[in-house]
Amino acid sequence: MSWLRSVSALITICACAWPGAVGQGMPKIHHSESTEEYLSKYYIPVEEHFITTEDKYILRSFRLPRQGAPVVLLQHGVLASSWCWLVNTPNRSLGISLWKMGYDVWLTNSRGNTFSRNHTELKPFLDKQFWNYTFDDMGYFDVVANVRYILNATSRKDLTFVGWSQGTSQMFVAAQGPDRDYLKSHVNLFVALSPVTYLTHQSSLLLSVAQKFRLGVILEKAFPYDVFSWSELPTLGSLLCKVTLGVICDITVDVICGRSQKDSSDAILNLAAHFPAGTSIKDLDHYEQFIDYEHFGRFDYGTMGNLEHYGLELPPEYSLSELEIPTALFCGSKDTLAGPKDVERLKMDLKGNKHVVFSKEYEDYSHLTWMVGLTDEWITDLKALLRQYNPVRPMEASDFYADPVQDMMKPQVVRHLEFIRAVDGVFGGFDLEKQPVVKVPRPGHCLKKNGEDINPCDDEAAVEQTLRRLALMVKTRGVIFANCFQEPIFGDAERSLDTSLLCPRFAGKVTEAQFCSHFPFMQEISEYELGLLLQRYYNSEADGINYMAMDKDLQALVEEPLQERRH
């Protein structure tokens, strides 16, 4: 055994400049700080939930609530905890970023880590049976328990599952387990960050040293219950320093996972404040079995043990090709654990699977960049996927800023000062009514010029075909497309005639809900085609749909036949 081998009317206002004592710079996280204490600096509410699995493990989850909003579940990787989604700057920490976008965010924790050391019958430091699990069990029990509980608590019909590292292994297992049909119906998108299945080409420094010095037996005796808890690092580091003859004396995040130039050292330090969070020896040993042999299957107990557990001499393998949940693969070219060659092997298994809706390798991304990166390129891509598979619908500002009071009928008490500060924050100043001389940006400063807001789409051919069909309808029906969003009485899509610093009249941009409400050909296109149009003309800086850019493209297509006749 070698355990180490694994190792919105105005909802946009909050997304642009939300109130709080902490700015957009890199925060400083301390080990003594709780999730609730940390997020309170950003005025983000936190709920604790305890979820019991079918095999009686009690999992602790943190919810960043938005009542009635679409749900995203974030599942961390091996040795990590829910903290990994919070350690970067607010715009690069996925948990915070998604909450700002308007999602109901759930940060789940795997059995046996810092937050999930509880069981209805077993005591974690008295019963070794508590630690008799691998990610196999997390896939069969934890994933479906989390999904069921969250959907029941939120009254939503489905959610998006975002997994990192071992979080992806769990879902790959769950998606073909006994609850596969339930998950297929209730998971609208599976986002796999650094998907871990095959491991024959991993290149982690720690894993290489573990293989050379054969540390498994030593550490199993030294740590009979869990391994790699944060409190055990001094003892573990001292032991490894002696056994490896000084090659490894500190267990750091980058030693386990590697790093790249796109990773922030400060964010890595923040991650290390609550990393590692512990797991079982058996869990790590299960990954070890994938290094020597190119396969992805159940735990190998040896011939006799396999006969006892499975009735077979060899452990059953998972059939990745049978995946039936919409899946997006996010991979890094410098990933030492989910190595590019191993990921290519996974992609071969999934080749031709229509449920793989996105696959991209990000240059110079390490196994950690999703959490600690200096870039948010991948988050931009993820947001585009969410707009298609799990979109946020506009919410009224009054609902967002209303204090949640049980059984209170509208109107509720609204925190108007918090709302005012959020509005002021958009312009870089605070309490504008008290500072009339404060300079604010010109109206529409965040908008691109018409025609410049064109994004690449997942299916360019379908977009082109849709636009040509719409252009024909514009021409034959005499529709002036832009005027559909510029009503002479209301201004841009029912906007007031009064000058607006946020979005001036006839600025060429409307919200997604306004676009859908005023789109003249809603009955003639499919939801898929509409999603592609929203993706193409979405303005990320202004968080709206640039209908003028679309109008320009349609007019070009309307005039195209005439130009051809002139030639």
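In this numbering scheme, every chain counts its residues from 1 along its sequence in written order. Two thresholds apply to this predicted model, a pLDDT of at least 70 for residue-level local features and 80 or more for giving and counting side-chain atom pairs, whereas whole-chain, interface and lining totals are computed over all residues. Working from all heavy atoms in the structure, the side-chain values ignore hydrogens and water.

**Student:** Any chance you could explain the sheet that holds strand S14 (residues 538–539) here in plain terms?
**Tutor:** Two orientations exist for strands paired in a sheet by backbone hydrogen bonds: parallel and antiparallel. If you walk across this open sheet you meet the 3 strands as S13-S15-S14, and the pairing is antiparallel. Pairing within the sheet leaves two strands with one partner each, and these edge strands are strand S13 (509–510) and S14. For two strands to be treated as a pair, DSSP must find at least two bridges joining them. Here a strand is any run of E in DSSP of at least two residues, a helix any run of H or I of at least four, and the numbering for each starts at the N terminus. In terms of strand pairing, S14 meets strand S15 (residues 544–546) through 2 bridges, oriented antiparallel. For Tyr538, the partnering residue across the bridge sits in S15 and is Ile545.

**Student:** I tried to follow the sheet that holds strand S3 (residues 71–75) on my own but got confused; where do I start?
**Tutor:** Pairing in this open sheet of 8 strands is mixed, and the strands run S1-S2-S4-S3-S5-S6-S9-S10 from one edge to the other. Both edges of this open sheet fall to strand S1 (47–52) and strand S10 (356–362), since each of them pairs with a single strand only. Between one strand axis and the next, the sheet turns through 20° on average, direction left out of account. Bridging between S3 and strand S4 (residues 104–108) involves 5 bridges; their strand directions are parallel. Counted as the bridge partner of Val71 is Asp104 from S4. Together, S1, strand S2 (58–64), S3, S4 and strand S5 (159–164) form the strand contacts of helix H4 (residues 135–154), whose direction differs from that of S4 by roughly 150°. For helices, the fitted line uses only the C-alpha atoms of the stretch in contact; every axis is such a line through C-alpha atoms, and the angle between N-to-C directions lies from 0 to 180 degrees. Residues count as neighbours in contact if any of their non-hydrogen atoms are within 4.5 Å of one another.

**Student:** Sorry, what's going on with the pairing of S10 here?
**Tutor:** Regular strands place side chains that alternate from one sheet face to the opposite one. As defined by bridge partners, strand S9 (residues 327–332) adjoins S10 across 6 bridges and the pair is classed as parallel. Counterpart to Leu329 in the pairing with S10 is Ser359. By convention, a crossover is right-handed whenever its connection, traced from the first strand over the helix to the second and viewed with the strands pointing away, goes clockwise. On the question of chirality, the crossover connecting S9 to the parallel S10 by way of helix H14 (residues 340–350) is right-handed.

**Student:** Sorry if this is basic, but what is going on with the pairing of strand S6 (residues 187–193) here?
**Tutor:** Note on classification: 1.4 Å probe, protein chains only; a residue is buried when its accessible area is under 20% of the maximum for its type, exposed when over 50%, partly exposed between these limits. Counting buried residues in S6 gives 7 out of 7 residues, a clear majority hidden from the surface. For S5 and S6, the ladder comprises 6 bridges, and the chain directions are parallel. When the bridges of S6 are listed, Val162 appears paired with Val191. Pairing of S6 with S9, which is carried by 4 bridges, proceeds in the parallel orientation. Within S9, the position partnered with Phe190 by the bridge is Thr327.

**Student:** Any chance you could explain the confidence of the model for the protein here in plain terms?
**Tutor:** Segments scoring low in pLDDT should not have their predicted coordinates read at a detailed level. Put simply, the protein has an average pLDDT of 79, and 69% of its residues get 70 or more. Note: pLDDT gives the predictor's confidence per residue, expressed from 0 to 100. This stretch, residues 1–23, has a pLDDT under 50; its non-local contacts, to residues over four places away or in other chains, come to 92 contacts.

**Student:** Help me understand the pattern of salt bridges in this model?
**Tutor:** Any two side chains of opposite charge can pair, given that their charged atoms come close. For this document, the term salt bridge refers to a Lys or Arg side-chain nitrogen within 4 Å of an Asp or Glu carboxyl oxygen. Under the definition given, this model contains 24 salt bridges. For Arg180, the salt bridge identified is with Glu322, shortest N-O distance 3.6 Å. One end of the pair, Arg180, is in helix H6 (residues 180–186); the other, Glu322, is in the loop between helix H13 (302–310) and S9, and 142 residues separate them in sequence. Overall, the relative accessible area of 22% leaves Arg180 in the partly exposed class. Assessed through its relative accessible area of 39%, Glu322 is described here as partly exposed. Between Arg469 and Glu529 there is a salt bridge, with its nearest N and O atoms 2.5 Å apart. Separated by 60 residues along the polypeptide, Arg469 in helix H19 (residues 460–477) and Glu529 in helix H21 (residues 527–536) bring together distant segments of the chain.

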